[in-house]
There are 2 protein chains.
Amino acid sequence: MDSDYGTPRELSDLQKHRSLYRPQLPPCLQGTTVRVEFGDATTAADAAGAHTISRFFPHTYGQPLAHFLRETTKVPDAQIITEHPAIRVGIVFCGRQSPGGHNVIWGLYDALKAHNPKSVLLGFLGGSEGLFAQKTLEISDEILSTYKNQGGYDLLGRTKDQIRTTEQVNAALTTCNNLKLNGLVIIGGVTSNTDAAQLAETFAEAKCPTKVVGVPVTLNGDLKNQFVETNVGFDTIAKVNSQLISNVCTDALSAEKYYYFIRLMGRKASHVALECTLHSHPNMVILAEEVAASKLTLFDLTKQLCDAVQVRAEQDKYHGVILLPEGLIESIPEVYALLNEIHGLLRHGVSADKISSQLSPWASALFEFLPPFIKKQLLLFPESDDSAQLSQIETEKLLAHLVEAEMNKRLKEGTYKGKKFNAICHFFGYQARGSLPSKFDCDYAYVLGHICYHILAAGLNGYMATVTNLKNPVDKWKCGAAPITAMMTVKRWGHNPRASSFGKPAIHPAAVDLKGKAYELLQQNAFNFLMQDLYRNPGPLQFDGPGADAKPVTLCVEDQDYMGRIKLLRDYLEKVRTIVKPGCSQEVLKAALSAMSSLTDILSVLSSAPTSVGHFGNNHS
Amino acid sequence: MDSDYGTPRELSDLQKHRSLYRPQLPPCLQGTTVRVEFGDATTAADAAGAHTISRFFPHTYGQPLAHFLRETTKVPDAQIITEHPAIRVGIVFCGRQSPGGHNVIWGLYDALKAHNPKSVLLGFLGGSEGLFAQKTLEISDEILSTYKNQGGYDLLGRTKDQIRTTEQVNAALTTCNNLKLNGLVIIGGVTSNTDAAQLAETFAEAKCPTKVVGVPVTLNGDLKNQFVETNVGFDTIAKVNSQLISNVCTDALSAEKYYYFIRLMGRKASHVALECTLHSHPNMVILAEEVAASKLTLFDLTKQLCDAVQVRAEQDKYHGVILLPEGLIESIPEVYALLNEIHGLLRHGVSADKISSQLSPWASALFEFLPPFIKKQLLLFPESDDSAQLSQIETEKLLAHLVEAEMNKRLKEGTYKGKKFNAICHFFGYQARGSLPSKFDCDYAYVLGHICYHILAAGLNGYMATVTNLKNPVDKWKCGAAPITAMMTVKRWGHNPRASSFGKPAIHPAAVDLKGKAYELLQQNAFNFLMQDLYRNPGPLQFDGPGADAKPVTLCVEDQDYMGRIKLLRDYLEKVRTIVKPGCSQEVLKAALSAMSSLTDILSVLSSAPTSVGHFGNNHS
C-alpha cells in the first residue's frame, strides 16, 4: 500500500479547478527575509500548574512568544534572518484526518523552496508509524499537484497512534538523527501537539538538533486558547454538516411528522455542534458543557426534550431537528460514573460479557435500565485518551428511545394529547471528514505551513505555528509562534488515572465557553429556534460566489487577536517608561505610581483566582 | 401549522443568489401561442396487459401522444391554440419530497399568468389531505419569491397518503367541483402518477370538467419508461450523496483501516446507487436487480464480500467503500420470502411479538439466525405499496455484521491472514432529500411546470408532462405529453395481494436495466473499482463553475428521445407512401411489399414476446 502514497490521481472538474486555487499570503510572510520579534517569556494560563509544567519541560518552558513581521516593519529589536542554508525537514500527519491538512505540507514546501531550493521536505508515510519506521516520501511539486486544496490525509496517510511511550519517542529520535532532520513538523490536534511538546523537550535534552513544530489541525475545533483562535478543518466540517442539517430541517418542515436526532462528531467538546447550530438554526442543541455544568441526568434530559415536543405539539407541530455532540454521553453524570466503572473493569482485564455482574449496585441498575444496543456500545474498550469510543455510542438513538417511551406514557396517561412521536436518528461524522476543504481552511493551512518554515529558520523548538486576527481578511492576519508548553494545564485529579498521564501537563481540549459570546448568541435565540422553525440553509459548500468566503460564526463573534493585544500592552508599558523618565514632575510620577500600584494589585488578585472556564471540569474528562 | 405555509422566510446568501436564478425555456415553450401536434394513439409497453388496461381505463386509454412545437414550426396538422381563457388550476405535492418540486409550481404559475393574468393557481396545503379537505393557498409572485429554486416541499407541505380509496377519490372530485378547477396537477412518483391516472378516469366518467395532469418528480429515479427519461430530484440526490460517498472514500484512503458500508435511499430500484457509483467510483456496489437476477442468498453475498476483502488484504489494503440500495433487502430471495410471511401475519392482525412462533420452520430458522436489531426491523408493518419499510431496515449493518463474523472465522481457521476487519455503517437518505436542487433539476422542473399549462390548454386529461432529449442543452429539449395509461403494466401474480391492487394496472417502478448502457459501464469498471481505489470526488453541489452543469451519468449514456424517434418513424412511413404511389413501377411496389411484409413479421414476433426488462420480476415486488 505504501507504494500508492503520493501517486498522481485523476481529479474531477471541480477538484481540478480547486487544485489551481492559490491561497494568498499575509504581508509578513511575503519576500524572502524572515523578521522575528520576540515577546515576553510565556507563562501557563493555569498559574497553579506553572511549576509542574516547568519541572516537566525544563528546556522548553518559559520561552518567549515570537511574532513574524513584514520586511519593512521598523521594530528596533527584531531579529532579521537573511541567510537561509538548505535544511531538511520531516512532516507527519498525526491522529484523525481534518480537511486542509494537505495545504500545511504545500505551504511549508513552498516556503522551504522559496528560501533555498536545495532544502528538502520529507513526508512520513502512514503517520507516526512511518516516523518510527523511517518510511518517507520526498515531497515535490509533481507529487503535490493533485493534492493542493484537496481533502483527506491520503497524500501521506495517517495512524492514530500517539508518540508517547519511551520506545516511540526513542524511535522518533533515531529517525530524526538518521535522516539528519533540522526540523520535524507534526500536524494534529490536542494530543498530537502535546506529544510534539514532549518530543521537543526530549530532543533538547538529548542534544538532538531537530527542532519540533506543532500545527493546530483538528476538525474538533478544541485546540483553542489565548494563542490559537481556531483549527484547520473545523470550518469545513461545520459547513458540510450544516448543509446536511439544513437539508434535514427542510425535510422535517416538508413532511411534518418526524423528529430528527442528529449526533455530530467532535470528541468531548461541543464546538462543532454549537457552530452548526449557529449556521442552521435547528430547533434544539444539547451541548455537553451545559449538561455537565447543570449536572443534568438522563431523566432530566428526557423530560426537557419531551416538554419541548409537547409544547410544539400544542402549536400543531410534530416535527423538529435536535443536535447533540458525540461527547454528550460522557457529560451525563450517572452515565459518566457508569462508564468509569466499566472502563476500570475492562482495564483490569474483565471481559465485556462479565462486566455487568461486577458493577456496583446502582451502576448495575442503570446499566440494566438501558436498551441492549447502548449496553453493547458502553462496553467497548476506551480510547487511548481514556474517553469512551464516542463515535460508536449512539446517544441519539438512546435519547430518541427514551423520549418515545415517555411520550407514549404521557399519551396513555392523557397528559399529552397530540399525535404519536416519531424519531429518525443520524450520526454525521465520517461523511464530512474527507470533504474538499473550504477556502478559509485552504488559506489558513497554507499560511500555517509557511509559518512552520519561519519557526525553523528562527531556530525555535517546541513551538506551535499561530495565526491571529483570523476573522479579518488575509492581509490583516498576524503570524507568530507560541511555545506549546504555554498552552498546557495540569489535571491533578482523575478517575482511572494511568501512571503515565496522571498529573502530567498536557494540552486539554477546550470546552465551549458558557460565558463566551457564541454561547450567548445561542442563548438569545434558543427559544425562537425551538418554537418558530427559523431554519436557515447555508447550502452546499461553495468555492465561488455567495457564502464562499464565510468564516466560522464562533470565530467571528469572539474577541480576538490575543497575541496582538499582548503586543499592545508592551507598547503601553514602553510609553509609560518614556513619559515617566527621570526629570518628570512629581505629579506625573505620583499619578503613575498610584495607577501602577492599583493595577498590579488588581492583576495579582485576578491571576491567583482559579481558572474557571475554558476546560472541562476534572470530574468530566 | 397550516397558517405557516407559504410565509416568506429569511434566506441565506446562497439561497438568495439561487432564488434569483431564472431557468431557460426551450424554444417550443416561448411565446404565448400553444402549438400541439398529436401522434398516433398509444398502446401499453406490455402488450399482454393492454386489454386489462383498456378495460380499467375506458375513457383515458389509447389517447395519442402530444408534442408541443415552436410557434414557427411548419407542421400541417398541428393544433394551434391562440385563445387562452382564464382558468383555475389546483396543484398538490404527493408522496416523498424531492428537490425541485417547488419549481414545478413556479413554472406552471408563470405559464398560467403569461397566457392570461386572470388565471388562478391554488396550492393544496399539506398534500393529499389538503386536497380532500379543500385547504388551499393561492399562489402569488410574493409567495413564490423565497421558494424559487429551493429544496423541500415546505411551500405547501405533503402527506404520503395515496388518492386511492373510493372516499379519497370522491373527496378529490368534490373539491375539484367545488373549487371549479379546470385542471389538477399532481406532483409525485410512481404511485402518485398511477393515482393521477385513476382520478382522470373517474373524473371523465363523472363528467367532471377538471383535467388531471401528472408530473414525474421522485428522487428514486424509478419513474422511467419510453416517455420519461429521468425524474425531478434524482440528479440532486445523486450529487449530494456522491459528495458524501466521495468524502468517505477519501476518509477510507487516509485512515486505511475501515470498510464503509453505505446504504442509499431510493426504494425498490437501485438507480440512485448506480448513479452514485458512476460519480464516485467506490470499491463495490451491490444492486438489488443483480441480486434478484442471480438469486444471490445472504450466504452468497457474505461470501463474495469476504472474498473481496481478502483479495484486497493480499495487496495490503484494509479499507474500502461498499454501496448498497435500501431495496437490496427485499431482493435477497430467502429474506424476501421471510418478509412475505411476516407481512402476511401482520396483516392478519398477529402482533409483532407473536410472529416468530408462527413462522414456517425454515423461515423461523432464518429469522432466529439474524441479529436482534434486524429482527426488530423486519417485524415493522409494511408500507402502503406492500414493500417493507426499506428506510428502517439496516441492511448495511446486517451485511457488515455477517462479513465481520465470517472474516473472524477465516482468521481463526487460518484461511485469512490479514488484519482484523473493521466496518463503519451509514445510511444516506434524509440528509439529501431537502437539498437545494441542482441546476438541472431546477431547469427540468420549471419546464415541466410550463408543459402542465400547455397540456391543460390543449384540453388533455390523464397525461403526464414529459421532456425528452434531456442530455442535450435546454434549447434542444423536446416537450410533450404522454397518456399515463401508456406507462402502465399489469402484474398478474403477487404474494399477499390486497383485493384493491391485485391485477390492477399501475405504473411500476422501473428496475435498473441489466442490459442497459449504464450497467454495462459499471461492469466494465467493476474490477478496477474494486482493486485500484479509483475514487473520484465530484465535490459538493456547485451552482457556478466546473461541475455546475453536470447531468446524471445514467441519463447521458442511454439512448434517448424515444418520442423524437417515434416521430421519425412516422416520417419514414409517410415517405414510403409518397414513393410508392399508384403509378410507381412493379419493381418498386414489389420491393416495398417484400420489405414491409418482412418488417411486420419481425415486429409481430418481437411485440408478442414477454417484456423481459424494465420492471422487477413478479416474484420480487
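What you are looking at is a predicted structure, and each value in this text was computed from that prediction instead of being measured. Residue indices begin from 1 for each chain and proceed along its sequence in written order. For naming, the first written chain is A and the first written ligand is 1, with later ones following in the order written. Per-residue local features of the predicted model are confined to residues with pLDDT of at least 70, and side-chain atom pairs are confined, for both listing and counting, to 80 or more; whole-chain, interface and lining totals are unaffected and use all residues. Hydrogens are left out, water is left out, and the side-chain values use all remaining heavy atoms of the structure.

*Asks:* How should I be thinking about the overall build of chain A in this particular structure?
*Replies:* Helix and strand counts for chain A come out as 23 helices and 14 strands. This radius of gyration counts C-alpha atoms alone. The globule rule is 2.2 Å times how many residues there are, raised to the power 0.38. Relative to the 2.2 N^0.38 estimate, which gives 25 Å for 621 residues, the radius of gyration of chain A is 26 Å and therefore close to what a compact globule would have. If one aligns the C-alpha atoms of chain A with their principal axes, the spans along those axes are about 80 × 75 × 55 Å. The contact definition used throughout considers only heavy atoms, calling two residues in contact when any of these lie within 4.5 Å. The long-range fraction of contacts in chain A, counting pairs at least 24 apart against all pairs at least 6 apart in sequence, stands at 81%. Here the Shrake-Rupley method, with its probe set to 1.4 Å, supplies the accessible areas, and only the displayed protein chains count as covering residues. On chain A, roughly 24,100 Å² of surface is accessible, and the fraction owed to carbon and sulfur atoms is 55%. Note on charges: Lys and Arg go in the positive column, Asp and Glu in the negative column, and His and the chain ends are not counted at all. Taken as the charge location is NZ of Lys, CZ of Arg, CG of Asp or CD of Glu. When the 61 positive and 62 negative side-chain charges of chain A are each reduced to one mean point, those points stand 2 Å apart. Secondary structure counts use DSSP, requiring at least four H or I residues in a row for a helix and at least two E residues in a row for a strand, with both numbered from the N terminus.

*Asks:* Hey, could you run me through the state of the cysteines in this one?
*Replies:* Disulfide: a covalent bond formed between the sulfur atoms of two cysteine residues. Residue and element names in this part refer to chain A. Two cysteine sulfur atoms make up a disulfide if the distance between them is within 2.5 Å. The final tally for this structure, using the stated rule, is 0 disulfides over all chains. Unpaired in terms of disulfides, Cys 249 finds its nearest cysteine sulfur in Cys 276, a separation of 11 Å. A relative accessible area of 1% means that Cys 249 is categorised as buried. Each residue is placed in one exposure class: buried if its accessible area under a 1.4 Å probe, protein chains only, is under 20% of its type's maximum, exposed if it is over 50%, and partly exposed if it falls in between.

*Asks:* What exactly am I supposed to notice about the interface of chain B and chain A here?
*Replies:* Where interface size is quoted, it is often the accessible area lost as the parts come together. Taken residue by residue, the interface counts 56 residues in chain B and 56 residues in chain A. A simple way to read buried area is as the amount of 1.4 Å-probe accessible surface that goes missing from two parts once joined, with both sides added. Carbon and sulfur atoms make up 52% of the surface buried where chain B meets chain A, a total of about 4,700 Å² over both sides. Counted as salt bridges are all cases of a side-chain nitrogen of Lys or Arg within 4 Å of a carboxyl oxygen of Asp or Glu. Counting across the interface, chain B meets chain A through 4 salt bridges. Ionic pairing is found between Arg433(A) and Asp251(B), a salt bridge with its closest N-O pair at 2.7 Å. Here a polar contact is taken to be a pair of N or O atoms separated by no more than 3.5 Å, where protein atoms must pair a possible hydrogen donor with a possible acceptor and residues adjacent in sequence count only if both atoms sit in side chains. Applying the counting rule to chain B against chain A returns 22 residue pairs in polar contact (both at pLDDT 80 or more). Elements with a contribution of two residues or more to the side of chain B that touches chain A: helix H1 (13–19), helix H8 (234–255), strand E12 (423–428) and helix H18 (430–433) of chain B. Looking at the side of chain B that touches chain A element by element, the count peaks at 10 residues for H8(B). Gly is placed with the polar residues, together with every amino acid not listed as nonpolar (Ala, Val, Leu, Ile, Met, Phe, Trp, Tyr, Cys and Pro) or charged (Asp, Glu, Lys and Arg). Residues belonging to the side of chain B that touches chain A are distributed by class as follows: 22 nonpolar, 20 polar and 14 charged.

*Asks:* Can you help me understand the sheet that holds strand E11 (residues 320–325) of chain A in this one?
*Replies:* Each strand in a sheet pairs with its neighbour through backbone hydrogen bonds, running either in the same direction (parallel) or in the opposite one (antiparallel). Residue and element names in this part refer to chain A. DSSP-based pairing: two strands are paired if at least 2 bridges between them are found. Taking strand neighbours across the sheet as the criterion, the 4 strands line up as E10-E11-E9-E12 in an open arrangement whose pairing is parallel. Every interior strand has two partners, whereas the edge strands, strand E10 (284–285) and strand E12 (423–428), have only one. Relative to E12, strand E9 (residues 259–264) runs parallel, the two sharing 6 bridges. Paired with Phe 261 across the strands is Cys 425, a residue of E12. Sheet strands touched by helix H9 (residues 271–280): E9, E10 and E11. Its angle to E11, the strand with the most contacts, is close to 150°. Every axis in this analysis is a line fitted to C-alpha atoms, fitted for helices over the stretch in contact. Angles between the N-to-C directions lie between 0 and 180 degrees.

*Asks:* Help me out: how do you make sense of the relation of the copies chain B and chain A in this one?
*Replies:* Both copies of the chain are related by one operation, a rotation about an axis with a shift along it. Least squares is the method for superposing the copies, and the C-alpha atoms it fits come from residues with pLDDT of at least 70 in both. Of the two same-sequence chains, chain B is brought onto chain A (RMSD 0.1 Å, axial shift 0.1 Å) by a rotation of 180°. The two molecules are tied by a two-fold rotation axis, judged by turn and shift. Taken together, the interface assignments show that 100% of the residues at the interface of chain B recur at the interface of chain A, consistent with an identical surface on both copies.

*Asks:* Which parts of the structure should I look at to understand the sheet that holds strand E3 (residues 79–81) of chain B?
*Replies:* All names here are of chain B. Taken together, 10 strands build an open sheet; the order of strands is E3-E1-E2-E14-E13-E8-E7-E4-E5-E6 and the sheet is mixed. Whereas interior strands pair on both sides, the edge strands pair on one side only; in this sheet they are E3 and strand E6 (136–138). Neighbour-to-neighbour, the strand axes of the sheet open up by a mean angle of 30°, direction not taken into account. Pairing of strand E13 (residues 463–468) with strand E14 (residues 478–483), which is carried by 6 bridges, proceeds in the antiparallel orientation. What sits directly across from Val 467, in E14, is Cys 479. The sheet strands contacting helix H19 (residues 439–457) are strand E1 (34–41), strand E2 (64–69), E3, strand E4 (88–93), strand E7 (183–188), strand E8 (211–216), E13 and E14, and the helix crosses E13 at an angle near 135°.

*Asks:* Please clarify how the side chain of Thr60(B) should be interpreted in this entry.
*Replies:* All names here are of chain B. With respect to the helices and strands, the residue Thr 60 is situated in the loop between helix H2 (50–56) and E2. The class of Thr 60 is buried, set by a relative accessible area of 3%. When near neighbours in sequence (up to four residues on either side) are disregarded, Thr 60 contacts Ala 200, Glu 201, Asn 461, Pro 483 and Thr 485.

*Asks:* Mind showing me how you'd approach the pattern of salt bridges here?
*Replies:* Two side chains of opposite charge can pair, provided their charged atoms sit close to one another. One pass over the full model with this rule turns up 46 salt bridges over all chains. With a shortest N-O distance of 3.4 Å, Arg577(A) and Glu574(A) are connected by a salt bridge. Linking Arg577(A) with Glu574(A), this pair stays in helix H22 (residues 562–579), spanning 3 residues, or about one helical turn. Between Asp533(B) and Lys317(B) there is a salt bridge, and its shortest N-O distance comes to 3.9 Å.

*Asks:* I'm lost on a nonpolar patch on the surface in this one. Help?
*Replies:* Residue and element names in this part refer to chain A. Together, Leu 568, Leu 569, Tyr 572, Leu 573, Val 576, Met 596, Leu 599, Ile 602, Leu 603 and Leu 606 line one region of the surface with nonpolar side chains, adding up to about 890 Å² of accessible area. For the nonpolar patch, the secondary-structure elements that each account for two or more residues are H22 and helix H23 (586–608). Position of Val 576 relative to the elements: it lies in helix H22. Val 576 sits in the partly exposed class, given a relative accessible area of 33%. What goes into a patch is any residue over 30% in relative accessible area without a salt bridge, connected to like charges within 9 Å or, for nonpolar side chains (Val, Leu, Ile, Met, Phe, Trp, Tyr), within 5 Å.

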